[in-house]
Amino acid sequence: GWCPLSPAGAQTPQLLVEPPWRPAVLWDRVTLTCQGSGTAGASTWYKDGQRWGQQESDYFTVTESGTYQCKRPGSGLSPPVRVLIDRLVLQVSAQALLEGDTVTLRCRG
């Protein structure tokens, strides 16, 4: 047997979060950028699992809390990114972490 891959063996896009803290908090003026293979400037955006708005650029500034993903032509969905508007949020750097790394946490309110 064989396992189908994403279309044309495309890579899954990634969401870049700015500022680089997770979960992102809305009052930080969060910008999401969809990075990956495929046509530049043609990203499709999803909020809470549903296609969201008329965004077809590779980046935008978030104005609502929710869970966001992006898709580029010929690729699958990116991993989800949560953007919160809670009263108190514990954040960690959005960079990849390995066991044994020193971690800086931020308590935001």
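Residues numbered from 1 in each chain as written. Predicted model: local features only at pLDDT ≥ 70, side-chain atom pairs only at ≥ 80, totals over all residues. Heavy atoms only, no water.

1. What to know about unusual backbone geometry
Geometrically, the link from E18 to P19 is a cis peptide bond, its omega value of 0 degrees lying close to zero. By secondary structure assignment, the location of P19 is in the loop between β1 (14-18) and β2 (21-22). Of note, the bond from R22 into P23 is cis; its omega dihedral lies within 30 degrees of zero at -5 degrees. Relative to the helices and strands, P23 is located in the loop between β2 and β3 (24-25). (Helix = DSSP H or I, 4+ residues; strand = E, 2+ residues; numbered from the N terminus.)

2. Things to note about the side chain of K47
Inspection of the secondary structure assignment puts K47 in strand β5 (residues 44-47). A distance of 3.2 Å separates a polar atom in the side chain of K47 from a polar atom in the side chain of D48. When sequence neighbours within four positions are dropped, the list of residues in contact with K47 reads W52, E64, S65, G66, T67 and Y68. (Polar contact = N/O pair within 3.5 Å; in protein donor to acceptor, adjacent residues only side chain to side chain. Contact = heavy atoms within 4.5 Å.)

3. Section: the pattern of salt bridges
Scanning the model with the defined rule gives five salt bridges in all. Between E64 and K47 there is a salt bridge, and its shortest N-O distance comes to 3.5 Å. In this pair, E64 is assigned in the loop between β7 (59-61) and β8 (66-71) and K47 in strand β5, connecting sequence segments 17 residues apart. Judged by its relative accessible area of 37%, E64 falls in the partly exposed class. Three or more residues are tied together by salt bridges with common partners; here these are D28, R106 and R108. (Salt bridge = Lys/Arg side-chain N within 4 Å of Asp/Glu carboxyl O. Buried < 20%, exposed > 50% of the residue type's maximum accessible area, 1.4 Å probe, protein only.)

4. A look at the state of the cysteines
Overall, the coordinates contain one disulfide when judged by the stated rule. Sulfur-sulfur distance for the disulfide between C34 and C70 comes to 2.0 Å. Since a negative S-S torsion denotes a left-handed disulfide, the C34-C70 link at about 80 degrees is right-handed. In this pair, C34 is assigned in strand β4 (residues 31-35) and C70 in strand β8, connecting sequence segments 36 residues apart. Since its relative accessible area comes to 2%, C34 is described here as buried. The exposure class assigned to C70 is buried, which follows from its relative accessible area of 0%. (Disulfide = S-S within 2.5 Å.)

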